[in-house]
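Structural overview
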Protein chains: 2
Amino acid sequence: MTWTAHAERLAAMIGAANVLTTPEQKAPYLTEWRDKFPGKTPMVLRPGTTAEVSQVLTYLYAHDIRSVPQGGNTGLVGAQIPRESGDEVVVSLSRMTRVRDVDPDGYTMSVDSGVVLQQVQEEAEKVDRLFPLSLGSQGSCRIGGNISSNAGGTAVLSYGNTRDLVLGLEVVLPTGEVWDGLRTLRKDNTGYDLKQLFIGAEGTLGVVTGAALKLFPRPRKLEAAFVGLPSAEAALKLFSLARAQAGPVLTGFELMPRIGMEFCLAHLPGARAPLSATHPWYVLMELSSGSEAFPIHDLLEAILTEALSAGHATDAAIAQSVAQVSDFWRLRHGMSEVQKKEGGSIKHDVSVPVASIPAFLNEAIAAVEALLPGCRPVPFGHLGDGNIHFNISQPVGADKEAFLARWDEVNDLVHGIVHSYRGSISAEHGIGILKRDLLTRVKSPLELELMHRIKAAFDPKGLMNPGRLLRETRS
Amino acid sequence: MTWTAHAERLAAMIGAANVLTTPEQKAPYLTEWRDKFPGKTPMVLRPGTTAEVSQVLTYLYAHDIRSVPQGGNTGLVGAQIPRESGDEVVVSLSRMTRVRDVDPDGYTMSVDSGVVLQQVQEEAEKVDRLFPLSLGSQGSCRIGGNISSNAGGTAVLSYGNTRDLVLGLEVVLPTGEVWDGLRTLRKDNTGYDLKQLFIGAEGTLGVVTGAALKLFPRPRKLEAAFVGLPSAEAALKLFSLARAQAGPVLTGFELMPRIGMEFCLAHLPGARAPLSATHPWYVLMELSSGSEAFPIHDLLEAILTEALSAGHATDAAIAQSVAQVSDFWRLRHGMSEVQKKEGGSIKHDVSVPVASIPAFLNEAIAAVEALLPGCRPVPFGHLGDGNIHFNISQPVGADKEAFLARWDEVNDLVHGIVHSYRGSISAEHGIGILKRDLLTRVKSPLELELMHRIKAAFDPKGLMNPGRLLRETRS
């Protein structure tokens, strides 16, 4: 059967307007923003309901057609883009945008998987609740993609990863069967927790079509401090102290190096240094509370006073206004962007146990400086989550292409050190195609074998998002 | 080969003293505290290390011998007791009691799975940290059992179930292979999250031998109020209000009915009513904070003032001392025990969406009263988790045995109502043997099929804890 014939049959199920076959129609689904994974597909399908997703997948399964589920197309590892082989159909969830139920008293919300993250946040706000997941791409990423990639973001310290925010899922399996696990229960010990398998599975086990999410009280007070520190060890001590005193009210703890700050001051329009002197490291610390009654400003002052006198901090500034809180965060959020102005940058999204961060940083910085003399490590990130974006800017004046040509070599070196700390080579962004072949080096053969068995249990023909996360066992 | 021959071979691996074969030696491992599941086994094996567990299971797998993993033997559903067929060997983790690592700065602890829960709590306290899991059986249950049953307890509202407290696991598979997933990472998106499958699997997929756990700041301030309410609807409104204002500082929200209070006052030595009048419902509300700086007493007063003026509460007493906090909790913890003095009690451990609790209670109470005229429903529990212990005391003066003979009939009725609210028939205690055959009524054939496929992927011969949670597919 030709693709044209398949398209006609599928159009009869979901409407001709939702079977996209021309290059112009398909383009937005085939281009990802870093242009790393050029996509090719015979067609993009846009089912509008769970029943339609089921019909479509039943058809594709019967005809041995491979498919790639796609949410907002913001993934960074190539899991959502059809491969250049051109034999993978895209199943886009972009028409599934229904908010199914909002329950402020029960602190839950149920939505279609195609709802854009920012809309989920806004729907929660409307009923005076918080959905805490927050990412750079929140205006376009969709909640199903967040779930399939177990997205992290800036609120993990207090609220957890996406996995921790999901109460239930509705999933269409590769066979087209619908698994209804869309429950809003806080406690349910009735067998294997299947939803956990789909979270972070990058669309390899099924298509998430609906999700029940946890909501939280909305924060009403926010305080932030910008702290100068003598060392990464001091940052760990400050974190330990702040968490002991503030507990869940400590909602942000971000580490930045001196060079990152220098890049920000040089390249971010209007950026100003919060502290008068320079320091080897900086921390942006944020407290927030849903209770008006908590004196979090005083608490922040008390933590800083104790840290300064113990030598865990050298200087600190507390934001005097909401605008100043934003200024602090702008420096942190600018860390990635400003590196572009300094030439090539080799990146790693890694995590290690929180208490190992200082040792890891010292070792990894020394190692890359030895490998690439003159290179400029700019490690920054979520210290409280053990998650460091270990980026390395090229030496001043060096050739950008020659520097970037050493990407894999540098990755090998850094991932080796991460592995020696029992860390993760992908803390936030997942595996996809980009890091798939690295998995075999950090996972045991037994663990990979178990993952393959699970894949086979859910997708016996290996048709859904094949070759992402795991190598294909057949070709 | 005879059992005696097997015992000799196994003794060569783990020492003769750790292969228990006499009735006296075996007895403590075969008797569970409610005497519901009389156990029979040829031997109890007590390996002392992960390597020994691996050796033992490799041997059992090679010889097609079935095994039952056992922690502290406190389970309530028969998952840890060898069946009367007498062909299941007990693998006890009671000698694996090593605390492997405590990391206060990283807020983690790694332990052998045989460490008693209370010791885990105490080890955390020694470094000024909290391990929040707290259960009635904490003096004898072991952390591996807590993990395998995804234990709940009294701290779920703020800290989550056991699942939420686990960062990594070490598991010996039914084949004897060791899966090393003992990581302390807060973020790790590198494939299917295998540990989630073992949590709550009731020992059917492997033997948990080690666990990396999350620690939290220790609470330093504690406040509690005992509240009288006009209805379950009011209790939900009070919960919603309290959570909005107190957020994670709201650490307890327990619902009790008037009759439960009457039972306590009649049967608990020295019990006193915290409120002068009687009320249809009561709530025990607790706030606790790791920060000395938070005025949680004032916050509690503010919440109560608002609730009283809105009609969500009729009267309230705030504990004036730590002793009075204990008195309040003693009433709550006495709820189960005092029912024994009132004759037979038919029990259910169920959950529904939090916001459905009032409707569920109204419907279920009316239904059981219609079925068993004169019966006395005593539903109580963790309202904030949607988890109600829906117990029903016999009519005054009725025959106990005749009442208890209707157990299954009443279960059917209540579970049917729970199911109509998309609730769970086992919120905390698991499935084991007790509720295994009920699963087929509340789970779809597809979900059961997926669970069987997962079981087969981890335990191809079906030798580990067979017939628990899932029916055996072969006999």
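Procedures and definitions
Residues numbered from 1 in each chain as written. Chains lettered and ligands numbered in written order. Predicted model: local features only at pLDDT ≥ 70, side-chain atom pairs only at ≥ 80, totals over all residues. Heavy atoms only, no water. Helix = DSSP H or I, 4+ residues; strand = E, 2+ residues; numbered from the N terminus. Rg over C-alpha atoms; globule rule 2.2 N^0.38 Å. Buried < 20%, exposed > 50% of the residue type's maximum accessible area, 1.4 Å probe, protein only. Contact = heavy atoms within 4.5 Å. Areas by Shrake-Rupley, 256 points an atom, 1.4 Å probe, with all protein chains shown as cover. Lys, Arg positive; Asp, Glu negative; His and termini not counted. Charge placed at Lys NZ, Arg CZ, Asp CG, Glu CD. Pairing = 2+ DSSP bridges. Least-squares fit on C-alpha atoms with pLDDT ≥ 70 in both. Buried area = accessible area lost by both parts, 1.4 Å probe. Salt bridge = Lys/Arg side-chain N within 4 Å of Asp/Glu carboxyl O. Axes fitted to C-alpha atoms, helices over the stretch in contact; angles between N-to-C directions. Parallel < 35°, antiparallel > 145°, perpendicular 65-115°, else oblique. Left-handed = near helix turned anticlockwise from the far one by under 90°. Domains from an automatic or database assignment. Core = buried A, V, L, I, M, F, W, Y, C linked by side-chain atoms within 4.5 Å. Nonpolar A, V, L, I, M, F, W, Y, C, P; charged D, E, K, R; others polar. Expected span 1.5 Å × (residues − 1). Arc of directions from axis to C-beta.

1. Some points on the overall build of chain A
When helices and strands are counted, chain A shows 16 helices and 19 strands. In terms of C-alpha radius of gyration, chain A reaches 23 Å, essentially the compact-globule figure of 23 Å for 475 residues. By residue count, 63% of the 475 residues in chain A fall in the buried class. Of the contacts formed within chain A by residues at least 6 apart in sequence, a portion of 74% connects residues at least 24 apart. Surface summary for chain A: the accessible area is close to 16600 Å², and the carbon and sulfur share equals 51%. Taken together, the 46 basic and 52 acidic charged side chains of chain A have centroids lying 3 Å from each other.

2. A closer look at the pairing of strand β19 (residues 387–393) of chain A
All names here are of chain A. Most of β19 is tucked away: 7 of the 7 residues are buried. Residues Asn-387, His-389, Asn-391 and Ser-393 line one face of β19 and the alternating positions Ile-388, Phe-390 and Ile-392 line the opposite face, and both faces are buried. Relative to β19, strand β16 (residues 345–346) runs antiparallel, the two sharing 2 bridges. By the bridge assignment, Ile-346 is partnered in β19 with Ile-392.

3. Looking at the relation of the copies chain B and chain A
Least-squares fitting of chain B to chain A yields an RMSD of 0.0 Å, with the transformation described by 0.0 Å of translation along the axis and a rotation of 180 degrees. This pairing of chains is accounted for by a two-fold axis. Closest approach to the rotation axis within chain B is made by the C-alpha atom of Phe-294 of chain B, at a distance of 2.7 Å. Both copies present the same face, since 100% of the interface residues in chain B are matched by interface residues at the equivalent positions in chain A.

4. Quick look at the interface of chain B and chain A
Between chain B and chain A, the residue contacts involve 91 residues of the former and 91 residues of the latter. Regarding the contact of chain B and chain A, the summed buried area is about 7400 Å², with carbon and sulfur atoms giving 55% of it. For chain B, the biggest contributors to the area lost against chain A are Lys-187, Asn-189 and Tyr-192 of chain B; these three give 14% of the whole. At the surface where chain B touches chain A, the tally comes to 10 salt bridges.

5. Notes on the environment of Ala-398 of chain B
Residues and elements named next belong to chain B. Structurally, Ala-398 can be placed in the loop between β19 (387–393) and α13 (400–404). According to the relative accessible area criterion, Ala-398 is partly exposed, its value standing at 33%. Here the alpha-carbon distance between Ala-398 and Arg-471, two residues 73 residues apart in the chain, equals 37 Å.

6. Description of unusual backbone geometry
One non-glycine residue with positive phi stands out, namely Glu-202 of chain A, at about 55 degrees. Looking at the secondary structure, you find Glu-202 of chain A in the loop between α7 (195–198) and β10 (207–214). The backbone phi angle of Asp-128 of chain B is positive, close to 65 degrees, even though this residue is not glycine. Turning to its location among the elements, Asp-128 of chain B is positioned in the loop between α4 (117–126) and β7 (129–130).

7. Comments concerning the sheet that holds strand β9 (residues 178–181) of chain A
Residues and elements named next belong to chain A. Spatial ordering of the open sheet is given by β5-β6-β10-β8-β9, a layout of 5 strands whose pairing is antiparallel. The open sheet has two edge strands with one neighbour each: β5 (99–103) and β9. When strand polarity is set aside, the average angle formed by the axes of neighbouring strands in this sheet is 10 degrees. Here strand β8 (residues 166–172) pairs with β10 via 6 bridges, running antiparallel.

8. Here's the deal with the packing of helix α16 (residues 445–458) of chain A against helix α16 (residues 445–458) of chain B
Packed helix pairs are characterised by how far apart their axes lie and by the angle those axes make with each other. Between α16 of chain A and α16 of chain B, the least distance of the axes is 10 Å, while the angle of their chain directions is 150 degrees. On the basis of their axis angle, the class for α16 of chain A and α16 of chain B is roughly antiparallel. With respect to the hand of their crossing, α16 of chain A and α16 of chain B are arranged in right-handed fashion. On α16 of chain B, the residues that touch Leu-450, Arg-453, Ile-454, Ala-457 and Phe-458 of chain A of α16 of chain A are Leu-450, Arg-453, Ile-454, Ala-457 and Phe-458 of chain B.

9. A look at the domain arrangement of chain A
Residues and elements named next belong to chain A. Domain parsing of chain A yields domain 1 (3–92), domain 2 (99–217), domain 3 (221–336) and domain 4 (343–436). Each side of the interface is counted separately: domain 2 has 8 residues, and domain 4 has 7 residues. Summing both partners gives a buried area of about 490 Å² for domain 2 against domain 4, and 41% of it is carried by carbon and sulfur. Three residues stand out in domain 2 for area buried against domain 4, namely Gly-153, Leu-157 and Glu-202, and they jointly supply 61% of the buried area on that side.

10. With respect to the nonpolar core
With 206 residues, the main nonpolar core has Phe-360, Phe-390 and Phe-458 of chain A together with Phe-360, Phe-390 and Phe-458 of chain B as its most contacted residues. Among residues more than four places away in sequence, those in contact with Phe-458 of chain B are Leu-450, Arg-453 and Ile-454 of chain A together with Leu-173, Pro-174, Leu-194, Leu-197, Phe-198 and Leu-205 of chain B.

11. Considerations on the packing of helix α8 (residues 232–246) of chain A against helix α12 (residues 357–371) of chain A
Residue and element names in this part refer to chain A. Where α8 contacts α12, the axes come no closer than 8 Å and their chain directions differ by 160 degrees. Here α12 runs roughly antiparallel to α8, going by the angle between their axes. Read as a crossing pair, α8 and α12 show a hand that is right-handed. Together, Ala-232, Glu-233 and Leu-236 of α8 and Pro-358, Leu-361 and Asn-362 of α12 make up the contact between the two elements. A per-class count over the contact of α8 with α12 returns 4 nonpolar, 1 polar and 1 charged.

12. Observations concerning helix α1 (residues 3–14) of chain A
All names here are of chain A. Counted at 1.5 Å a residue, the expected span for α1 with its 12 residues is 16 Å, and the 16 Å between its end C-alpha atoms agrees. Restricting attention to buried positions, one finds in α1 the residues His-6, Ala-7, Leu-10, Ala-11 and Ile-14. In a view along the axis of α1, the buried residues occupy a sector of 140 degrees, so they form one face of it. Of the residues in α1, the exposed ones pointing more than 90 degrees away from the buried face are Glu-8 and Ala-12. Structurally, α1 contributes buried residues whose contacts are with β1 (19–20), β2 (44–45) and α3 (50–62). The first or second residue beyond α1 is Gly-15, which carries a positive phi of 95 degrees.

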